[in-house]
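The residues making up each chain are set out below.
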Amino acid sequence: MHEPLDPSPGPPATAGGPARVPAIGQQRDRAPSGRTDGGPVGDGPAGGPADGAAGPTALNRLAATVEFLRSELDRAHADAAGRSLVEMAAGVLIERLRCSPAEAGTQLTVLAEQAGASVLEFAADLVNQVTTDRISAIARDFVATSTGPREDPALRLRATQAHSLATGDGEAVARSVLTTALQPLGAVAVAIWAAHPDQSLTLEGSAGFSPAEAGRWRHVPPGVPTPARRALEERETVAYPTLAHAALPTIGQHERVGGRVVVPAGTGGRLIGVLEMCWPARLEPPSQVLQRQFEALAELCATTLETWTTPAAPALRDGEFDDLQHLADGILDPCLVLDLAPGPAELPLEFGIRHVNPAFTDFAGRPTSAVAGARLLEAYPLAAEPGGLAEKVEHVYATGEPFRAKEMRLSATVDGVALHTRARVSISRHGRYVVVVWRLDDGTPRVARLLQHAQRLGRIGGFEENLQTGQIAWNETLFDLHGLPATAAPISLDRLADHAHPDDQPAIGRFLRTLLHHRRPASTAFRLQRPDGVSRHIRVVAEPVHDGDAALTAVRGAYQDISAQHWTEVALAATRDQLAQSEQQAAERSRLALQLQHAIMPPARGPQTLHDLQVAVRYRPAEKEHLVGGDWYDILTLPSGEVLLCVGDVAGHGIEAATGMVALRNALRGLAATGAGPAQLLTWLNSVTHHLTDNVTATAVCALYHPGTRRLRWARAGHLPPVLLRDGTASTLPQLEGILLGVLDHADYAEDHLDLAPGDTLVMFTDGLIERRDESVHASLDGLLALSEGAARTTTGRPASLEGHLDHLLRYGGADTDDDTCLIGVSVDPAPSR
């Protein structure tokens, strides 16, 4: 059992709070020190703000806090870099001249005037002279090689360093690195990556990328190859002329495709991150001078990465706070020490998190550095909700009455996502400080059970091997993965290759070298040969464990059975190959059908004169090659002197429809030479379709024109009737009886005749001209008649040519089925018949 939550005595309060509480957002007078007098304020009820104004005042509190923080941040960004650099130089003068800070500031100004430089430039030069880091080395090289007035790169680097040390925000550091140090070199974007023991990467700061792109790359899981990971593995700078040369995914891969330079960042021989820089165009290999500047920036980023992982220390120490800090550090539950934050008197009360104890754990999973030193509403904005943590803290500070709740909702936001938990909470005031202690719902046994089930379902087993004692610890799942009884001796890492497939032993060797020699986290996949003869595909990931002297003492990690994933990938690869082959065969068949169709029926044929007929044709293929259909047409002068006109449509698409179309077209040509009429020709063609082709059905309209009499005899087999345009009026020919070709063994077809007059135009077509998904065939035919009458004359009022008439029908036909289309247009010569 834990000790009691509340470190101070006092009567408990209910979850609703004591009898009197100040209203949220209420203004108060501040003491000269920026603190209130501690007296009670307001007359609202205990559970929330006065007069039911919880919602608006809570929003006012959040808005005021955000506005205040934004103004503070803007001022800090503007002043931090120069002020920090000047203060460092003043510190050097204090140490060298044994003078006071005020005298050092005056002396710095005088020396800068004597040197003919600005105070900032002189401060940077002074700091470079007394330091031995990379930046000072760059400055000395610049002085040694300078032949004229040029910008000192060390000044840019030193200003960047000062600004980075003055801020704890990764985005601000990235902006400073880009604008101060890299933009003068032509760079347009920068990313700062933090490396973690599990080989994952997190984006700690970026500039020059869109917020959406930075959000997508906030976390890079282990095993994902990126330029940053390559730089970590090779432990040296990696430069790419363009991003295409990298052939690796990374942030901004669609926004910034120019050159990239990626530098590993580390301190004390330990790599903890990566600096990735982007250029807008092709980048030549960087010179040695630029290389040294990039390495200095990477070292600076490594220093700031280490700073971000260290909890912020309080800037002010006093006896009261020291005693309270010792008290908080002895509490076994998470504890925060709050201090009234300075601010204008017209703003609501605001508290800063002055200290968190060693037992503190953020329930939102953030590191302690993200909470310590921040304002309460900055770390936990949702605490401003009615009846929330901020209201209770303000009440305790104003009244001095402690607050306790057996269950209270705590809320936080991480990346815009609201997270909630339940906890026992105790709040008490100690002088000018407020202590908040919470005990989260202890779900350790439940979490352990969930973890055990997750390992079982994911086929994951954990291990830890002590390299000094040789002791190895496995969990139960790991024995099962290796096919060993729970009483068997665990397999050490140096014997892992003996239990793997011979072809995988080189990969295991590289894994062990990285882990034990280079002392970096590593992972690999191999085939495990179990004692029972079963082979399993295993992935192992491990990390080194160091003691306080940085000596390698142990290795811990996990094995995962990925056999199912492996065989799924193998099956998926085989399926992709089969699909690619099928797609290739289908494409070849579609191309063959299209070539066959175009060879027999070109898309357009110029006007022909057959006796007193002007004849033109149009063929429009389907837009998609795999939809090549069986539409066909034919125009032929027979030995009898008559002209054969026919249009047909074979059901289906592809090579089968195209070959069926060729068979029917050629058969009709041969049958027409007998001199039979259109109805008899369709009867014979039906028998050919039924017996000589493989399950083919088709529609057709067949006509014979006699030039001497201008009589047109025609018949139809399930096809749409032709359209006659006479004296500017369009109409369809009668719907003669006639079944589809190929449905029955024998079928009879009706025949009709029409005497054409000079100036008449007759159009025979397939359904691809008018067919629509959203209207009936009759409605589409009515639309075609109206379109034909509109196409009868051009915009000038003169009669349209036959070809223009057909082109107008194709262009404005309105079909939406992506089917191929055939048209035959015949126009009787106005000259008298001979």
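Here the structure is a predicted model, which is why all the values come from computation and not from measurement.

Concerning the overall build of the protein
1) Next: Scanning the protein for helices and strands turns up 21 helices and 27 strands.
2) Next: In the protein, the share of contacts with a sequence separation of at least 24, taken over all contacts with a separation of at least 6, comes to 62%.
3) Next: Accessible area for the protein stands at about 40,400 Å²; split by element, carbon and sulfur atoms hold 54% of it.

Overview of the pattern of salt bridges
1) Next: Counted by the stated rule, this structure contains 22 salt bridges.
2) Next: Between Asp755 and Arg711 there is a salt bridge, with its nearest N and O atoms 2.9 Å apart. Of the two residues, Asp755 is situated in strand 25 (residues 752–755) and Arg711 in strand 22 (residues 711–717); the sequence distance between them amounts to 44 residues.
3) Next: For Asp755, a relative accessible area of 39% translates into the label partly exposed.
4) Next: It is possible to trace a salt-bridge network through shared partners that takes in Arg459, Asp480, Arg536 and Asp561.

Some words on the environment of Gly652
1) Next: Mapped onto the elements of the fold, Gly652 is located in strand 20 (residues 643–653).
2) Next: Looking at Gly652, the relative accessible area reads 42%, which means it is partly exposed.
3) Next: For the pair Gly652 and Ala698, spaced 46 residues apart in sequence, the C-alpha separation works out to 9.3 Å.

Describing the packing of helix 20 (residues 777–791) against helix 21 (residues 802–812)
1) Next: Closest axis-to-axis distance for the helix 20/helix 21 pair is 10 Å, and the angle between their directions is 135°. As far as their axial angle goes, helix 21 and helix 20 are oblique. As helix 20 packs across helix 21, the resulting crossing turns out to be right-handed. Along the contact surface, helix 20 presents Leu784, Leu787, Ser788 and Ala791, while helix 21 presents His805, His808, Leu809 and Tyr812.
2) Next: Looking at the contact of helix 20 with helix 21 residue by residue, the classes come out as 5 nonpolar, 3 polar and no charged.

A closer look at the packing of aromatic side chains
1) Next: By the definition in use, this model includes 9 aromatic pairs.
2) Next: Seen in terms of ring centroids, Phe321 and Tyr433 are 5.6 Å apart; in terms of plane orientation they differ by 50°. Their pairing is tilted. Taken as a pair, Phe321 in helix 11 (residues 319–329) and Tyr433 in strand 11 (residues 433–440) lie far apart in primary sequence, 112 residues in all.
3) Next: Relative to Tyr397, the ring of Phe351 lies with its centre 5.4 Å away and its plane at 70°, an arrangement referred to as edge-to-face. Here Phe351 is found in strand 8 (residues 351–356), whereas its partner Tyr397 is found in helix 13 (residues 389–399), with 46 residues between them in sequence. The exposure classification of Phe351 matches that of Tyr397, with both residues buried.

Side note on unusual backbone geometry
1) Next: Even without a glycine there, the phi angle at Ala247 is positive, about 55°.
2) Next: Its location among the elements puts Ala247 in the loop between helix 9 (243–246) and strand 5 (260–267).
3) Next: The backbone of Arg710 shows a phi angle near 55°, a positive value even though the residue is not glycine.
4) Next: As for its position among the elements, Arg710 is in the loop between strand 21 (698–706) and strand 22.
5) Next: Residue class for Arg710 comes out buried when judged on its relative accessible area of 11%.

A look at the pairing of strand 16 (residues 552–561)
1) Next: Among the 10 residues in strand 16, 7 count as buried, and that is most of the element.
2) Next: Here strand 12 (residues 460–466) runs beside strand 16; their pairing, made up of 7 bridges, is antiparallel. Bridge assignment links Glu465 to a residue of strand 16, and that residue is Val555.
3) Next: Judged from the 9 bridges that link them, strand 15 (residues 535–546) and strand 16 form a sheet pairing that is antiparallel. Residue Ala542 lies in a different strand from strand 16, and its bridge partner there is Gly557.
4) Next: What sits between strand 15 and strand 16 in their antiparallel hairpin is a turn of 5 residues, with Ala550 showing a positive phi close to 65°.

Focus on the sheet that holds strand 3 (residues 219–220)
1) Next: Spatially, 6 strands are ordered 3-2-1-6-5-4 in an open sheet, and the strand pairing comes out antiparallel. On the outer flanks of this sheet lie strand 3 and strand 4 (238–240), each paired with one strand and no other.
2) Next: Pairing of strand 1 (residues 189–195) with strand 2 (residues 201–207), which is carried by 6 bridges, proceeds in the antiparallel orientation. Counterpart to Trp193 in the pairing with strand 2 is Leu203.
3) Next: Against the sheet, helix 6 (residues 170–182) touches strand 1, strand 2 and strand 6 (270–278), its axis set at about 50° to strand 2.

Things to note about the nonpolar core
The nonpolar side chains of a soluble globular protein tend to be buried with one another.
1) Next: Counting residues in hydrophobic clusters, the biggest one holds 35 residues, and the most contacted among them are Tyr380, Leu389 and Trp438.
2) Next: Listed by contribution, the elements that provide at least two residues to this core are strand 7 (335–340), strand 8, helix 12 (376–379), helix 13, strand 9 (403–414), strand 10 (417–430) and strand 11.
3) Next: Listed in part, the 28 residues of the second largest apolar core include Trp632, Leu685, Leu741 and Tyr749.

Quick word on the sheet that holds strand 14 (residues 522–529)
1) Next: One open sheet holds the 5 strands; their spatial order is 13-12-16-15-14, and the pairing between them is antiparallel. Two strands lie at the open edges of the sheet, namely strand 13 (472–474) and strand 14, each paired on one side alone. Ignoring which end each strand starts from, the neighbouring axes of this sheet average 25° apart.
2) Next: Here helix 16 (residues 505–517) sits on the sheet and contacts strand 14, strand 15 and strand 16; the angle it forms with strand 14, its principal contact strand, is near 145°.

Observations regarding helix 20
1) Next: Given a rise of 1.5 Å per residue, 15 residues ought to cover 21 Å, and the 21 Å separating the end C-alpha atoms of helix 20 matches this to within 8%.
2) Next: Those residues of helix 20 that fall on the buried side of the exposure criterion are Ser780, Leu781, Leu784, Leu785, Leu787, Ser788 and Ala791. Projection of helix 20 onto a plane perpendicular to its axis shows the buried side chains occupying an angular sector of 165°, all on one side. Exposed side chains of helix 20 directed beyond 90 degrees from the buried face belong to His778 and Asp782.
3) Next: As for helix 20, its buried residues are in contact with strand 23 (723–726), strand 24 (729–732), strand 26 (761–765) and helix 21.

Brief notes about the side chain of His805
1) Next: Of note, His805 is situated in helix 21.
2) Next: The class of His805 is buried, set by a relative accessible area of 4%.
3) Next: Ignoring sequence-local partners within four residues, the contact set of His805 consists of Leu725, Val763, Ser788, Ala791 and Ala792.

Examining a nonpolar patch on the surface
1) Next: Taken together, Ile739, Leu740, Val743 and Leu744 make up a surface patch of nonpolar side chains, about 290 Å² in accessible area.
2) Next: Within the fold, Leu744 resides in the loop between strand 24 and strand 25.

A few points about the side chain of His719
1) Next: Considering the arrangement of structural elements, one finds His719 in the loop between strand 22 and strand 23.
2) Next: Residue classification places His719 among the buried residues on the basis of a relative accessible area of 3%.

Comments concerning the confidence of the model for the protein
1) Next: Of all residues in the protein, 74% attain a pLDDT of 70 or more, and the chain-wide mean is 78.
2) Next: The least confident element of the protein is helix 4 (residues 134–145), whose mean pLDDT is 45; the most confident is strand 22, at 96.
3) Next: Segment residues 1–56 is flagged for pLDDT under 50; beyond a separation of four residues in sequence, or across chains, it makes 129 contacts in the model.
4) Next: Long-range and interchain partners of residues 134–151, a stretch whose pLDDT sits below 50, account for 32 contacts in this model, where long-range means more than four residues apart.

Rules and cut-offs
- Within each chain, residues carry numbers counting from 1 in the order of the written sequence.
- Local features are withheld for residues below a pLDDT of 70 in this predicted model, meaning they are given only at 70 or higher, and side-chain atom pairs are given and counted only at 80 or more; totals for whole chains, interfaces and linings count all residues.
- By convention in this description, side-chain values take in all heavy atoms of the structure and omit both hydrogens and water.
- Every helix listed is a DSSP run of H or I at least four residues long, and every strand listed is a run of E at least two residues long, numbered separately from the N terminus.
- Contacts: residue pairs with any heavy atoms within 4.5 Å of one another.
- Residue exposure ignores everything except the shown protein chains as possible cover, and the areas themselves are Shrake-Rupley values with a 1.4 Å probe.
- The term salt bridge refers to a pairing of a side-chain nitrogen on Lys or Arg with a carboxyl oxygen on Asp or Glu at a separation within 4 Å.
- Relative accessibility under 20% of the residue-type maximum defines a buried residue, over 50% an exposed one, and the middle range a partly exposed one, all with a 1.4 Å probe and only protein chains included.
- Geometry is summarised by axes, namely lines fitted to C-alpha atoms with helices restricted to the contacting stretch, and by angles between N-to-C directions that run from 0 to 180 degrees.
- Orientation is classified from the angle alone, with under 35 degrees giving roughly parallel, over 145 giving roughly antiparallel, 65 to 115 giving roughly perpendicular, and any other angle giving oblique.
- Two helices cross in a left-handed way if the nearer one is turned anticlockwise from the farther one by less than a right angle. They cross in a right-handed way if the turn is clockwise.
- Here the nonpolar group is Ala, Val, Leu, Ile, Met, Phe, Trp, Tyr, Cys and Pro; Asp, Glu, Lys and Arg are the charged ones; every other residue, Gly included, is treated as polar.
- In summary, the pairing rule links any two rings of Phe, Tyr or Trp, Trp by its six-membered ring, whose centres are within 6.5 Å, and it sorts them by plane angle into stacked for under 30 degrees, edge-to-face for over 60 and tilted for everything else.
- Pairs of strands are assigned from DSSP output, requiring at least two bridges between the strands.
- For the purposes of this section, nonpolar cores are sets of buried Ala, Val, Leu, Ile, Met, Phe, Trp, Tyr and Cys residues that join through side-chain atoms within 4.5 Å.
- The span expected for a helix works out to 1.5 Å for each residue beyond the first.
- The directions considered for the arc run from the helix axis to the C-beta atoms.
- Within this analysis, patches are made of residues with over 30% relative accessible area and no salt bridge. Like charges are joined at 9 Å or less; nonpolar side chains (Val, Leu, Ile, Met, Phe, Trp, Tyr) at 5 Å or less.
- pLDDT is a residue-level measure of predictor confidence that goes from 0 to 100.

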